[in-house]
Amino acid sequence: MSTTRKRVYGYLAEFPSASALYKAAEKVRDAGFRKWDCHTPYPVHGLDGAMGLKRSILPWFVFFGGMLGTATGFGLAYITQVEIYPTVVQGKPTNIFTVPAFFPIMFELTILFSGFTTLFGLLALMKLPRLNHPLFASRQFHRATDDAFFIAVEARDPKFSPDGTRKFLEDIGGKSIELVEEED
Amino acid sequence: MATATEHAPSPTRQGPKIPVLEREKLILNGRSYHWITERICGVLENRQPFLWWLLFLPSALIAMVGVGLGLTYLVSTGVGVWGMSNRVFWGWDITNFVFWIGIGHAGTLISAVLFLTRQNWRTSINRAAEAMTIFAVMCAGIFPAFHVGRVWMAWFLAPIPNSNAVWQNFKSPLLWDVFAVSTYFTISLIFWYLGMVPDLATIRDRCKPGLRKMLYGIFSLGWRGGNRQWSHYEMAYLLLAALSTPLVLSVHSVVSFDFATSIVPGWHTTIFPPYFVAGAIFGGFAMVLTIMVPARQLYGLHDLITMKHIDNMAKIILLTGTIVGYAYLMELFVAYYSGAKYEMDAFKFRITGPYWWAYLAMMSCNVLSPQLFWFKACRENLWVVMGVAMAVNIGMWFERFVIIVTTLARMFLPGDWKTYNPSYVEMALFIGTIGMFLALFLLFLRFLPCINIAEVKWTLPESDPHHDDHHDHPDQGVETVAAYQHELHGKGAVESKA
């Protein structure tokens, strides 16, 4: 018998199909659980609504990141070509009317900054990289990236109870319900 | 036959059912999720077929000799080892640059534009097409970097303090190019990598503990398929697709500005941005077919990359090829109709001058060969498909050659006119980049999932949680038929491999 103390992470229940998972997720949401998640090999259409998740706020980050890019492109080109060292090329003016020549750079930097914001914003919102997670200790969890659909309810949730939650998951159609523990 | 006195049939009517066209199946033979995982992961987990080694070793060798030695000789001896001189300052170098960048555009189009237009058939080919984009841009980047001559001064391109107290010319299309191509490479890389994270997790979960598992584990960022992550992930994917669409249009337009913003007849024309973009998509799809048709055969991916996918790609080649052909004819027409002497002469020199053979190659490969795809028999015959794709690759290279070299060889001053011939170093460098592209792509097949596993699973009908909610479906009197695949099956052309 192991003498390491283990904390309970929660219950992991498998569901046979995307439709079963969807219907079960609605029930978990309606039962008032907050700290839980569905694990699927691909994004299931409509599952965000079934789980009661709000729309991602990533677009806001990306918008402001992109606007920063536009400003950077404008600033870089305008300040260097018009203010600091007016660069006269082929007799063309170096004043506010030069700005159309800067549009390609402003556009590209908008997209570049938006792209970086998308990448880092996404990693921050997903809370990844996180190489270690209690669920990886489960024997069946590796199928979440293959062909199985899971619901994991965390013990941190106020509505969690060792027997009540297990029965609840069985009632909504969960199979091979596993108590996942994390090493301390 | 139905008289006025007969009533309209009730929903559960009797009689022959009306055949209704259904969406084509994107995955044949009713494969399961696990089969898809096994088949795609099998490409990189199993021993590579002999043909992989047969293609990889020569490609890697050609890349090392052509690119490695070629560039070393170039930088150590000087740009005079190339064939350029007064006044043909751009030759194979910029031709190759535009050729490779153009090829990259199909990958972004498949990933971004076909995503926004909800073309689910893109899911089987988008990973390989994006990889192709990354490798093509890497090959392209070699040319503008090294054609400057004094490569050790390339840092002059960056807006940092230098001893000459001069800033770069941000009004120049050559510098716009630097921003456009770097942005394109970065965004394509981000899009490709983020798309791969769930698939790398799939491979990680199948690995035995060890170095492989650790590496795939690091690069999959600890992905666990939770819907809270998928929710943000899907938003990021949509945003990147929306960003990449104007990017793919702008990058090749900016590349065309290298020519269009000059004053030389044959270059100074507003048709260039849309002409270049259409040509890029055209050439890129041809390259996608060139690599996907053999890969599909070699790794047994017929159920994932079906004849319908190839049919769609052939149609896109036909469409963009026709647009490119139209652009060629419009150029000729406007040159004539404008009455502008220098413009008319520029095109006379293209057709009858010293490079008439390149113009002929361009016209026949780009305008004539894709017309074969009007015929279904040609789209279904994989040899014809490969032949046309190869012809288009060659034709698109010649298009850039014609645009650049014939124009430079015949500019305003007759005393300047000069024919250009590439040196062996230039030829070796180009062949080296072809080897580099192939070698990188083969390495990609060896180590990374060549098809987007999660997205392909998502396209299966049973992936939609509402697909079995047909209790009160009104069309109970219809029989759905997947027309194209039905026809193929009738001809026995559909392969159903186990």
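Residues numbered from 1 in each chain as written. Chains lettered and ligands numbered in written order. Predicted model: local features only at pLDDT ≥ 70, side-chain atom pairs only at ≥ 80, totals over all residues.

Chemist: How would you explain the overall build of chain B if you had to name every residue and give the values?
Modeler: Across its full length, chain B carries 16 helices and 2 strands. Its C-alpha atoms give chain B a radius of gyration of 26 Å, near enough to 23 Å, the size a compact globule of 498 residues would have. The 498 residues of chain B split such that 46% are buried. (Helix = DSSP H or I, 4+ residues; strand = E, 2+ residues; numbered from the N terminus. Rg over C-alpha atoms; globule rule 2.2 N^0.38 Å. Buried ≥ 20, exposed ≤ 12 C-beta atoms within 10 Å, placed from the backbone.)

Chemist: Please set out the overall build of chain A residue by residue, giving values where relevant.
Modeler: Counting secondary structure elements, chain A contains 5 helices and 4 strands. Ordered by position in the sequence, the α and β elements of chain A form the string β-α-β-α-α-α-β-α-β. Its C-alpha radius of gyration of 26 Å places chain A more than 25% over the 16 Å reference for a compact globule of 184 residues. Sorting the 184 residues of chain A into buried and exposed places 40% on the buried side. By sequence separation, contacts in chain A at least 24 residues apart represent 81% of the contacts at least 6 residues apart. (Contact = placed C-beta atoms within 7 Å.)

Chemist: Pulling in residues and values, what's your account of the domain arrangement of chain A?
Modeler: Assigned domains within chain A: domain 1 (6–54 + 130–183) and domain 2 (58–126). Computed over C-alpha atoms, the centres of domain 1 of chain A and domain 2 of chain A are 44 Å apart. (Domains from an automatic or database assignment.)

Chemist: Go over helix α1 (residues 33–45) of chain B, please, and point to the residues and values.
Modeler: Structurally, the α-helix is built with 3.6 residues per turn, so residues lying three or four positions apart point the same way. All names here are of chain B. Under the 1.5 Å per step criterion, the end-to-end length of α1 is 18 Å for 13 residues, consistent within 8% with the ideal 18 Å. All of the buried residues along α1 are Tyr 33, Ile 36, Thr 37, Ile 40 and Val 43. Taken end-on, α1 shows its buried residues confined to a sector of 130°, consistent with a single buried face. Along α1, exposed side chains directed more than 90 degrees from the buried face belong to Gly 42 and Glu 45. Looking at the packing, one finds that the buried side of α1 touches α5 (173–206), α8 (272–299), α14 (424–447) and α15 (453–458). (Expected span 1.5 Å × (residues − 1). Arc of directions from axis to C-beta.)

Chemist: Describe in detail the nonpolar core, supporting the description with residues and values.
Modeler: Ranked by size, the top nonpolar core spans 155 residues in total, and within it Met 132, Phe 285, Val 288, Ile 317 and Phe 441 of chain B carry the most contacts. Not counting residues within four places of it along the chain, the set of residues in contact with Phe 441 of chain B comprises Ala 131, Met 132, Phe 135 and Ile 291 of chain B. Membership of the second largest hydrophobic core comes to 30 residues, among which are Val 28, Trp 36, Val 44 and Phe 150 of chain A. (Core = buried A, V, L, I, M, F, W, Y, C linked by C-beta atoms within 7 Å.)

Chemist: Give a description of the environment of Glu 83 of chain A that names residues and reports values.
Modeler: All names here are of chain A. Among the secondary structure elements, Glu 83 is positioned in helix α3 (residues 58–84). For Glu 83, a count of 10 C-beta atoms within 10 Å corresponds to the exposed category. Each C-alpha atom of the pair Glu 83 and Thr 94 lies 8.6 Å from the other, and the pair is 11 residues apart in sequence.

Chemist: Outline the confidence of the model for chain B, supporting the account with residue identities and numerical values.
Modeler: Note that predicted coordinates carrying low pLDDT should not be read in detail. All names here are of chain B. Mean pLDDT for chain B: 90, with 91% of residues reaching 70 or above. Mean pLDDT per element in chain B: helix α16 (residues 483–490) is the minimum at 65, and α14 is the maximum at 97. Every residue in residues 1–10 is under pLDDT 50, and counting partners more than four places away or in other chains gives 2 contacts. Taken as a whole, residues 493–498 scores under 50 in pLDDT and shows 14 contacts with residues more than four places along the chain or in a different chain. (pLDDT = per-residue confidence, 0-100.)

Chemist: Please set out the sheet that holds strand β4 (residues 175–183) of chain A residue by residue, giving values where relevant.
Modeler: Residue and element names in this part refer to chain A. On the basis of which strands lie adjacent, the open sheet formed by 4 strands has the order β2-β3-β1-β4 and antiparallel pairing. What marks the edges here is a single partner per strand, and that holds for β2 (36–39) and β4. Between one strand and the next, the sheet's axes are offset by a mean angle of 25°, whatever the strand orientation. Bridge analysis of β2 against strand β3 (residues 149–154) gives 4 bridges, and the strand direction is antiparallel. (Pairing = 2+ DSSP bridges. Axes fitted to C-alpha atoms, helices over the stretch in contact; angles between N-to-C directions.)

Chemist: Let's hear about the packing of α3 of chain A against helix α7 (residues 227–260) of chain B: which residues, and what values?
Modeler: Running from N to C, α3 of chain A and α7 of chain B cross one another at 35°; their axes reach a closest spacing of 10 Å. Along this stretch, α3 of chain A crosses α7 of chain B, giving a crossing that reads as right-handed. Judged by residue contacts, Leu 58, Pro 59 and Val 62 of chain A of α3 of chain A engage His 232, Met 235, Ala 236 and Leu 239 of chain B from α7 of chain B. The class makeup of the residues in the contact of α3 of chain A with α7 of chain B is 6 nonpolar, 1 polar and no charged. (Left-handed = near helix turned anticlockwise from the far one by under 90°. Nonpolar A, V, L, I, M, F, W, Y, C, P; charged D, E, K, R; others polar.)

Chemist: Give me the lowdown on the interface of chain B and chain A, citing residues and values where you can.
Modeler: Every contact between the two is made by 54 residues of chain B and, on the other side, 58 residues of chain A. Sorting the residues of the side of chain B that touches chain A by element identifies α1, α5, α6 (211–219), α7 and α15 of chain B as the ones contributing at least two each. Examining the composition of the side of chain B that touches chain A, we find that 16 residues originate from one element, α7 of chain B, more than from any other. Of the residues assigned to the side of chain B that touches chain A, the class counts are 27 nonpolar, 17 polar and 10 charged.

Chemist: Describe unusual backbone geometry, naming the residues involved and giving the relevant values.
Modeler: Backbone torsion omega between Leu 128 of chain A and Pro 129 of chain A reads 0°, so that peptide bond is classified as cis. Among the structural elements, Pro 129 of chain A can be located in the loop between α4 (103–126) and β3. Following Asn 86 of chain B, the chain continues to Arg 87 of chain B via a peptide bond in cis, the omega torsion being -15°. Here Arg 87 of chain B is to be found in the loop between α2 (50–77) and α3 (92–116).

Chemist: Please provide a residue-by-residue account of the confidence of the model for chain A, values included.
Modeler: Per-residue confidence for chain A gives a mean pLDDT of 93; residues scoring 70 or more make up 97%. By mean pLDDT, β4 of chain A is the weakest element of chain A at 90, and α4 of chain A is the strongest at 97.

Chemist: Go over the environment of Pro 49 of chain B, please, and point to the residues and values.
Modeler: With respect to the helices, strands and loops of the structure, Pro 49 of chain B is situated in the loop between α1 and α2. For the pair Pro 49 of chain B and Tyr 299 of chain B, spaced 250 residues apart in the sequence, the C-alpha separation amounts to 8.5 Å.

Chemist: Outline the packing of α5 of chain B against α7 of chain B, listing residues and values.
Modeler: Residue and element names in this part refer to chain B. For the pair α5 and α7, the least separation of the axes is 9 Å and the interaxial angle reads 150°. With respect to each other, α5 and α7 are oriented roughly antiparallel. Considering only the axes of α5 and α7, their crossing is left-handed. Contacts between α5 and α7 involve Pro 173, Leu 174, Trp 176, Asp 177, Ala 180, Val 181, Thr 183, Tyr 184, Ile 187, Ile 190, Phe 191 and Leu 194 from the former and Ala 236, Leu 240, Leu 243, Ser 244, Leu 247, Ser 250, Val 251, Val 254, Val 255, Phe 257 and Asp 258 from the latter. Across the contact of α5 with α7, the residue classes break down as 18 nonpolar, 3 polar and 2 charged. (Parallel < 35°, antiparallel > 145°, perpendicular 65-115°, else oblique.)

Chemist: Provide a residue-level description of α3 of chain A, including the pertinent values.
Modeler: With 27 residues, α3 of chain A extends 37 Å from end C-alpha to end C-alpha; this agrees with the ideal 39 Å at 1.5 Å per step. Its maximal kink placed at Tyr 78 of chain A, α3 of chain A deviates by approximately 30°. All of the buried residues along α3 of chain A are Leu 58, Phe 61, Val 62, Gly 66, Gly 69, Gly 73, Ala 77 and Gln 81 of chain A. Those residues of α3 of chain A that are buried are in contact with α4 of chain A together with α7 of chain B. (Bend = angle between axes of the 7 residues up to and from the residue.)

Chemist: Kindly report on the environment of Leu 194 of chain B, identifying the contributing residues and their values.
Modeler: Note on placement: Leu 194 of chain B falls in helix α5. As a C-alpha pair, Leu 194 of chain B and Thr 95 of chain B span 99 residues in sequence and 32 Å in three-dimensional space.

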